[in-house]
Amino acid sequence: MREQMPIGVTITRITEESPSIRTFTFDQEIPFNPGQFVMVWVPGVDEIPMALSATDAITVQKVGDATAALFSLGVGDQIGIRGPFGNGFAVTGRTLAVGGGIGVSPLHPLATAGLVDVFLLGARSAEDLIFADRLAETTTLFTATDDGSAGHHGFVTDLLGRIDPIDFDHICVCGPEVMMRAVLGILERHGCTDRGQFSLHRYMKCGIGICGSCCTDPGGLRVCRDGPVFTGDRLIASEFGHYTRDASGQRKNL
Amino acid sequence: MREQMPIGVTITRITEESPSIRTFTFDQEIPFNPGQFVMVWVPGVDEIPMALSATDAITVQKVGDATAALFSLGVGDQIGIRGPFGNGFAVTGRTLAVGGGIGVSPLHPLATAGLVDVFLLGARSAEDLIFADRLAETTTLFTATDDGSAGHHGFVTDLLGRIDPIDFDHICVCGPEVMMRAVLGILERHGCTDRGQFSLHRYMKCGIGICGSCCTDPGGLRVCRDGPVFTGDRLIASEFGHYTRDASGQRKNL
Amino acid sequence: MVTLKPGPINVGGLRLNNHLLLAAGILGTTGASLARILASGAGGVVTKSIGPEPKAGHHGPCVVTVDGGVLNAMGLPNPSSGFTRELEAIRGQPVVVSIFGGNPEEFATVAGWFAGNAAGFELNVSCPHAAGYGAALGSDPAIVEACTRAVSRLGLPTWVKLTPNVTDIAECGRAAQRGGATAIVAINTLKAMRISTALRRPVLGNTFGGLSGPAVFPVAVRSVYDLYEACSIPIVGCGGITTADNVVEMMMAGASAVEIGSAVMDDIGIFATIAGDLYAPDGEDPAGIVGCAHA
Amino acid sequence: MVTLKPGPINVGGLRLNNHLLLAAGILGTTGASLARILASGAGGVVTKSIGPEPKAGHHGPCVVTVDGGVLNAMGLPNPSSGFTRELEAIRGQPVVVSIFGGNPEEFATVAGWFAGNAAGFELNVSCPHAAGYGAALGSDPAIVEACTRAVSRLGLPTWVKLTPNVTDIAECGRAAQRGGATAIVAINTLKAMRISTALRRPVLGNTFGGLSGPAVFPVAVRSVYDLYEACSIPIVGCGGITTADNVVEMMMAGASAVEIGSAVMDDIGIFATIAGDLYAPDGEDPAGIVGCAHA
Ligand SMILES: Cc1cc2nc3c(=O)[nH]c(=O)nc-3n(C[C@H](O)[C@H](O)[C@H](O)COP(=O)(O)OP(=O)(O)OC[C@H]3O[C@@H](n4cnc5c(N)ncnc54)[C@H](O)[C@@H]3O)c2cc1C
Ligand SMILES: Cc1cc2nc3c(=O)[nH]c(=O)nc-3n(C[C@H](O)[C@H](O)[C@H](O)COP(=O)(O)OP(=O)(O)OC[C@H]3O[C@@H](n4cnc5c(N)ncnc54)[C@H](O)[C@@H]3O)c2cc1C
Ligand SMILES: Cc1cc2nc3c(=O)[nH]c(=O)nc-3n(C[C@H](O)[C@H](O)[C@H](O)COP(=O)(O)O)c2cc1C
Ligand SMILES: Cc1cc2nc3c(=O)[nH]c(=O)nc-3n(C[C@H](O)[C@H](O)[C@H](O)COP(=O)(O)O)c2cc1C
Ligand code: FES
Ligand code: FES
């Protein structure tokens, strides 16, 4: 067992992507594969999993204590980073990305690496469609908003209905689990669940596959270590889209 | 710090070299440089330093408890081996070896490797001139005995008087410390102490340079780690030939 | 290397498929995960420690890896009685339910919930980083005895897991034995901590935690050896095991079976790997190995 | 990385050339060897522990290296009063004489021999493998206090080295402080053992020994942190240090200086190596670092 203490990084830039989403750029590059995540230590508060949205950045939606504490930090403040952990996306050939809300975060470095051909991006409204400009530079971007304030008026899954998934070797997906389950359903109908790569969120404590808090039913797959990216065929008969667990290990329906 | 527990070896052959000296050959080869030693664990008794006289053998003179316990073992019995430790001899070019008594043990593998040109071998009497036949095969061998029962009647150092040490790039020496000190004196007179490589014996407990029991004055050189082989120039103004220390660290004059 | 004859074994009232159990708190929060480890070659599994109330555990960081080990302060997160449903998927298998409480009554209450579907219990009186639980009780032999008695009374196999963070672990072992333990498990983690020099504060959310992994193996072997001299009930060795040779060493120290935790991190197939090295048709009778290093 | 301003320091009554001392029992049997370490960059040295009678120590094996550490059972070999002559070569240098005895009187006797040429004393009430000495005394706070008082009475700097093999090291620290210690040293080795599976017996001649090296670093940091909260005298951190960052971490936990032992095995030039990384002209004031990880 090799030592892997958190490294200390200093925040060098904070970008307000939307009222509830900020990108924190720091002073060190972390070599990673798009889709891998780090454990972000907010000193005195907690440590939480976050995808790397770039080699030196995380993009965070404020949802609770630790993310609020992150939002209270400024340029020059320090945070701790452990990782990168997990498998990340694995693509070759034609790739479609489907991101919903903050789920665009792990897909962003895949796109900026030039590995995404078509990108379907959904959010509640125009202001939540983050990274859209940059994604449009390297991918063919289609957007959807719940309120119709930009792009297609409706769900990002609607956009998928207009595309033939079979045209793509890989379909990389990250977003709310209900949305991801809907995408999986579409792939199932096309008989290509194995082309889907879904990045899951589960409650994580260790990030290194030992504590058990992120294990999923029925296979006992560890999201932090065996994932966070799983192909659709491994998710089809699972808890995915149905329930998850909280910090104590109790089931919570989605 | 890497794990280095003693390995268990099984004695496969016991050769009686003389009434008080036996070679114990075992079932495993230990890659080593001639002059390196191992710590030999006689289970239930003690652990003592012994030069490797071959890649799979030690040659032992019975002098006290642990060596007596070794002599009580038979073929099929197990002992523990830690090592090899220390530096060993380093020779290139023309090499002279000078061995006295059991001191021939670490010089033997140097000779069998074809690295010794001339070998001066001394002992109390003919029966103590161990390894002589084998040494004669690969080196030009001259012998001396205290009682004149074989070779020159007198000390091995007398033989050195008939040879010009300056003809050799290296003079490798192992034997009783008084004899080694006499050799060092001869080299000093020839102004070539740096060509001498003396293999020292000191009380050893750890064998890995940490406990301090084998440290010499005045430099604090560790025989187990910085040695056991030292060039003559590093020994000239030292305790070498004058005193040593016992298990408690008390000085004992030689 | 020493190899052992394969086959099921009986230890401390339990029948196990082999000598290798999953240690408590390692991938032990869900039935599915325990089933995965059983399917991967473990002879038995110990669950996450379950207590009287659901607990979210300590704030993070909860785990960091260090040189030769793992440092953790999970804080005993657990779903409490809700865990019964996790056991449904693995009913009838060699599943030891690890339990904790703040006093003998709480131990008895928690054990009661699982009396129907646990093959046995392991009492956690040894976690070094949960105020009021674990080692807070386990360093007092009288409390160890009382907690053990409260559970052993139920008549199910009762293993007691001890802490090495005491002056004399043998005294705690004797206390567990007096309380009716059917086996002793040693060891839980060593109380330890690290500081982030970059952030100038303890790295664990809880400041203190427990050290496990190869770093503690020599301490675990010593503890098992001590306990073997002091007690007559079987001992289950735990702490730092990563190889089949480590298993043999623990058994020679006096362990009748072993638990493996941190090594799962580097290789989730560790049970099959070790079993492959440890067992051979012409292997020795394991009974002859247990405690053979004692003079 | 944090760097410190170089320069001599004062700790527990001693003036040291830097924060880095050689730990007791490591290359500390002869004056020449201590002089070598001083010349190689150590800020001070602690000698081998010296006792009331010459001792040959335990039968071998006395030392084996293990994964991330060293396991030893030297058995306190020492030349007793004869050691005074070893100190002649290093008179006037920052040499702490480590001493041991079986009771307060013996501690006082041994200390008396060296009162003339020791810069200070370190009381070994912590060696885990010498019957009747070391940890046999050091796990009883009352005895720790009495031994400390017997030596501190001489008026020389009196450091007391504690064992981590107790339920509560802070209690022992407070006892040393009451006894008049000018500093506390933590930690000595962890009680441990290994078994040779090939030879089916404990590998150390003494069966039990002490674990040191990187494996124990998290235990040492925790001990120093605990002691810093419990005591007001300076603490000297020891156990598993191999890098300058480890030194900084120990200091943040509360150490005013550190001792380094096992790391000398892999690099006898370790003091210069660490000093080279640790000190810089524009480094921080060390006083600001000590204990800064405490909330
Ligand atoms: C692999 C992975 C990658 C992620 N990447 C991103 C990202 O790029 N951007 C982003 O904004 N969010 C990301 N998240 C989600 C993020 O971890 C949570 O939003 C964050 O932990 C919430 O913490 P909190 O204290 O602010 O919220 P809380 O008040 O603690 O809880 C809010 C919700 O967040 C979730 N949560 C809380 N703690 C954890 C935890 N330790 N592990 C997992 N989920 C938790 C729970 O579902 C909880 O209901 C990712 C999660 C995972 C597992
Ligand atoms: C590097 C080295 C290589 C050696 N190679 C050989 C060899 O090839 N063949 C051989 O016969 N002998 C060799 N010796 C000497 C051998 O180690 C001792 O003869 C042996 O340790 C004696 O042990 P004992 O218990 O039988 O004797 P004891 O009764 O213990 O003592 C007899 C004498 O042996 C010496 N001795 C005892 N224990 C040790 C110890 N742990 N370390 C060093 N010296 C000790 C002491 O000087 C003592 O006075 C070597 C010694 C060293 C240091
Ligand atoms: C992440 C983690 C969580 C743990 N949780 C528990 C627990 O809930 N109950 C318990 O008795 N021991 C727990 N332990 C201790 C282990 O069961 C085991 O005693 C210890 O890790 C030593 O074994 P190892 O070196 O094989 O990991 C935990 C250890 C780790 C690393
Ligand atoms: C070979 C060896 C001998 C030791 N001898 C002593 C001793 O005589 N007195 C003592 O107080 N500590 C002794 N120790 C303990 C060390 O001084 C130190 O406390 C311990 O090794 C932890 O530090 P480290 O990890 O840097 O080695 C010894 C340690 C070793 C490895
Ligand atoms: S977060 Fe611990 S196993 Fe995944
Ligand atoms: S034998 Fe220990 S230092 Fe040489």
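About the thresholds
Residues numbered from 1 in each chain as written. Chains lettered and ligands numbered in written order. Predicted model: local features only at pLDDT ≥ 70, side-chain atom pairs only at ≥ 80, totals over all residues. Heavy atoms only, no water. Helix = DSSP H or I, 4+ residues; strand = E, 2+ residues; numbered from the N terminus. Rg over C-alpha atoms; globule rule 2.2 N^0.38 Å. Buried < 20%, exposed > 50% of the residue type's maximum accessible area, 1.4 Å probe, protein only. Contact = heavy atoms within 4.5 Å. Areas by Shrake-Rupley, 256 points an atom, 1.4 Å probe, with all protein chains shown as cover. Lys, Arg positive; Asp, Glu negative; His and termini not counted. Charge placed at Lys NZ, Arg CZ, Asp CG, Glu CD. Salt bridge = Lys/Arg side-chain N within 4 Å of Asp/Glu carboxyl O. UniProt positions renumbered as here; feature names shortened; annotations may be inferred. Near = heavy atom within 4 Å. Polar contact = N/O pair within 3.5 Å; in protein donor to acceptor, adjacent residues only side chain to side chain. Nonpolar A, V, L, I, M, F, W, Y, C, P; charged D, E, K, R; others polar. Buried area = accessible area lost by both parts, 1.4 Å probe. Domains from an automatic or database assignment. Pairing = 2+ DSSP bridges. pLDDT = per-residue confidence, 0-100. Expected span 1.5 Å × (residues − 1).

Caption draft 1: Just the overall build of chain C, in detail. Across its full length, chain C holds 10 helices and 16 strands. The C-alpha radius of gyration of chain C comes to 17 Å, within 12% of the 19 Å expected for a compact globule of 295 residues. Referenced to the eigenvectors of the C-alpha coordinate spread, the extents of chain C come out at roughly 55 × 45 × 40 Å. Scored against the burial criterion, the 295 residues of chain C give a buried share of 68%. Summarising the internal contacts of chain C: among those between residues at least 6 apart in sequence, 72% fall at separations of at least 24. Carbon and sulfur atoms form 48% of the exposed surface of chain C, whose accessible area is close to 8,200 Å². Considering chain C, the positive charge centre built from 17 side chains and the negative charge centre built from 22 side chains are found 8 Å apart.

Caption draft 2: Highlighting unusual backbone geometry. Across the junction of C:Gly60 and C:Pro61, the peptide omega takes the value -5°, indicating a cis bond. For C:Pro61, the location among the structural elements is in the loop between strand E4 (44-46) and strand E5 (63-66). Although it is not a glycine, D:Ser80 sits at a positive phi angle of roughly 55°. Secondary-structure assignment places D:Ser80 in the loop between strand E6 (69-72) and strand E7 (95-99). Residue D:Ser80 is classed as buried on the basis of its relative accessible area, which comes to 2%.

Caption draft 3: Expanded view of the pattern of salt bridges. Under the counting rule described, the total for this entry stands at 37 salt bridges over all chains. A salt bridge links A:Arg82 to A:Glu47; the nearest nitrogen and oxygen atoms lie 2.8 Å apart. In this pair, A:Arg82 sits in strand E6 (residues 78-85) while A:Glu47 sits in strand E4 (residues 46-54), placing the two residues 35 residues apart along the sequence. Judged by relative accessible area, A:Arg82 falls into the buried class, the value being 1%. In this structure, C:Lys191 and D:Asp226 form a salt bridge, with 4.0 Å as the shortest nitrogen-oxygen distance. Remark: D:Asp226 occurs in helix H6 (residues 217-230) and C:Lys191 occurs in strand E11 (residues 190-192); the pair is interchain, linking two chains. Residue D:Asp226 is classed as buried on the basis of its relative accessible area of 15%.

Caption draft 4: Main features of the UniProt feature "active site" (unreviewed entry) in chain C. Residue and element names in this part refer to chain C. The feature "active site" (unreviewed entry), as annotated in UniProt, sits at Cys-127 in this numbering. Here Cys-127 is to be found in the loop between strand E8 (120-124) and helix H3 (135-138). Look past the residues within four positions of Cys-127 in its chain and what remains in contact with it is Leu-76, Tyr-133, Gly-134, Ala-135 and Asn-188.

Caption draft 5: View of the environment of D:Pro128. Residue and element names in this part refer to chain D. Along the chain, Pro-128 turns up in the loop between strand E8 (120-124) and helix H3 (135-138). For the pair Pro-128 and Pro-141, spaced 13 residues apart in sequence, the C-alpha to C-alpha distance is 16 Å. Filtering out sequence-adjacent residues up to four positions away, Pro-128 remains in contact with Ala-135, Asn-165, Asn-188, Thr-189, Lys-191, Gly-209 and Gly-210.

Caption draft 6: Molecular detail of the site of ligand 1. All names here are of chain A. As a structural note, the neighbourhood of ligand 1 is formed by 21 residues, with Pro-49, Thr-59, Gln-61, Ala-66 and Thr-67 the closest of them. One nitrogen or oxygen atom from the main chain of Thr-59 is found 2.8 Å from a nitrogen atom belonging to ligand 1. Within the contact set of ligand 1, an oxygen atom lies 3.4 Å away from a backbone nitrogen or oxygen of Asp-65. The protein chains hide 79% of the 860 Å² of surface that ligand 1 would expose on its own. For the shell around ligand 1, the secondary-structure elements that each account for two or more residues are E4, strand E5 (57-61) and helix H1 (65-71). The greatest single-element share of the shell around ligand 1, amounting to 4 residues, is contributed by E4. Tallied by class, residues from the shell around ligand 1 come to 12 nonpolar, 6 polar and 3 charged.

Caption draft 7: Examining the interface of chain C and chain A more closely. Contacts between the two partners involve 49 residues from chain C, matched on the other side by 41 residues from chain A. It is C:Arg36, C:Leu199 and C:Met265 that lose the most area in chain C upon contact with chain A, and together they represent 17% of the buried surface on that side. Our count for the chain C to chain A interface comes out at 4 salt bridges. For the salt bridge of A:Glu3 with C:Arg194, the shortest nitrogen-to-oxygen distance reads 3.1 Å. Counting the contacts that link chain C with chain A gives 14 residue pairs in polar contact (both at pLDDT 80 or more). Of all the secondary structure elements, the ones that give two or more residues to the side of chain C that touches chain A are helix H1 (31-39), E5, strand E6 (69-72), strand E12 (195-196), strand E13 (201-202) and helix H8 (263-266) of chain C. For the side of chain C that touches chain A, the residue count by class is 24 nonpolar, 17 polar and 8 charged.

Caption draft 8: Focus on the UniProt feature "binding site: [2Fe-2S] cluster" (unreviewed entry) in chain A. Here the UniProt feature "binding site: [2Fe-2S] cluster" (unreviewed entry) sits at A:Cys206, A:Cys211, A:Cys214 and A:Cys224. Spanning 19 residues, the named residues form one tight spatial group whose C-alpha atoms are at most 10.1 Å apart. Considering the arrangement of structural elements, one finds A:Cys211 in the loop between strand E12 (196-199) and strand E13 (215-216). Look at A:Cys211 and you get buried, because its relative accessible area is 6%. Not counting the four nearest positions on each side in its chain, A:Cys211 is found in contact with A:Lys205, A:Cys206, C:Gly25, C:Leu27, C:Gly28, C:Thr29 and C:Met74.

Caption draft 9: Representation of the site of ligand 2 within the structure. All names here are of chain B. Surrounding ligand 2, one finds 21 residues, the nearest of these being Pro-49, Thr-59, Gln-61, Ala-66 and Thr-67. Contact distances for ligand 2 include 3.5 Å between an oxygen atom and a backbone N or O atom of Asp-65. Here Met-204 contributes a backbone N or O atom positioned 2.9 Å from a nitrogen atom of ligand 2. Within the complex, 79% of the 850 Å² of free accessible area of ligand 2 lies under protein. Looking at the shell around ligand 2, the elements that each hand over two or more residues are strand E4 (46-54), strand E5 (57-61) and helix H1 (65-71). With 4 residues, the single largest contributor to the shell around ligand 2 is E4. Of the residues assigned to the shell around ligand 2, the class counts are 12 nonpolar, 6 polar and 3 charged. Of the domains in this structure, domain 1 (7-85) and domain 2 (95-253) are the two that each give at least three residues to the shell around ligand 2.

Caption draft 10: Representation of the UniProt feature "binding site: substrate" (unreviewed entry) in chain C within the structure. Residue and element names in this part refer to chain C. Here, the residues flagged by UniProt with the feature "binding site: substrate" (unreviewed entry) are Lys-48, Asn-72, Ala-73, Met-74, Gly-75, Leu-76, Asn-124, Asn-188 and Thr-189. In this fold, Gly-75 is placed in the loop between E6 and strand E7 (95-99). Accessibility expressed as a relative area gives 1% for Gly-75, which makes it buried. Excluding residues that lie within four positions of it along the chain, Gly-75 makes contacts with Lys-55, Gly-57, His-58 and His-129. For Leu-76, the location among the structural elements is in the loop between E6 and E7. Those residues in contact with Leu-76, other than ones at most four positions away along the chain, are Lys-48, Ser-49, Lys-55, Phe-100, Asn-124, Cys-127, Ala-130 and Tyr-133.

Caption draft 11: Broad picture of the pairing of E4(B). Residue and element names in this part refer to chain B. Where burial is concerned, most of E4 is hidden: 7 out of the 9 residues are buried. Sheet analysis places E4 next to E5, joined by 2 bridges and oriented antiparallel. Counterpart to Ala-54 in the pairing with E5 is Ala-57. Hairpin remark: E4 followed by E5, antiparallel, with 2 residues in the connecting loop.

Caption draft 12: Structural detail: the interface of chain D and chain B. If you look at the interface, chain D gives 49 residues, while chain B gives 41 residues. Taking both sides of the interface into account, the surface hidden between chain D and chain B amounts to around 3,500 Å²; carbon and sulfur atoms contribute 59%. Contact with chain B buries area across many residues of chain D, yet D:Arg36, D:Leu199 and D:Met265 alone supply 17% of it, more than any other trio. The interface formed by chain D and chain B holds 4 salt bridges in total.

Caption draft 13: The confidence of the model for chain C, seen in detail. In this model, chain C carries a mean pLDDT of 96, and residues with pLDDT of at least 70 account for 100%. Here the complex is predicted with pTM 0.97, and the ipTM for its interfaces comes to 0.97.

Caption draft 14: Here's a closer look at the UniProt feature "domain: FAD-binding FR-type" (unreviewed entry) in chain A. Mapped onto this numbering, the UniProt entry annotates "domain: FAD-binding FR-type" (unreviewed entry) at residues 4-91 of chain A. As annotated, residues 4-91 of chain A comprises 8% helix and 52% strand, and the C-alpha atoms at either end are separated by 28 Å.

Caption draft 15: Just helix H4 (residues 141-152) of chain D, in detail. Residues and elements named next belong to chain D. Taking 1.5 Å of rise per residue, the 12 residues of H4 would be expected to cover 16 Å, and the 16 Å separating its terminal C-alpha atoms lies within 8% of that figure. Listed as buried for H4 are Pro-141, Val-144, Glu-145, Cys-147, Thr-148, Ala-150, Val-151 and Ser-152. Elements in contact with the buried residues of H4: E7, helix H2 (104-114), E8, H3, strand E9 (158-162) and helix H5 (169-178). By the N-cap criterion, in which a side-chain oxygen at the helix start approaches the backbone nitrogen of a residue two or three places on, H4 is capped by Asp-140, the distance to Ala-142 being 2.9 Å.

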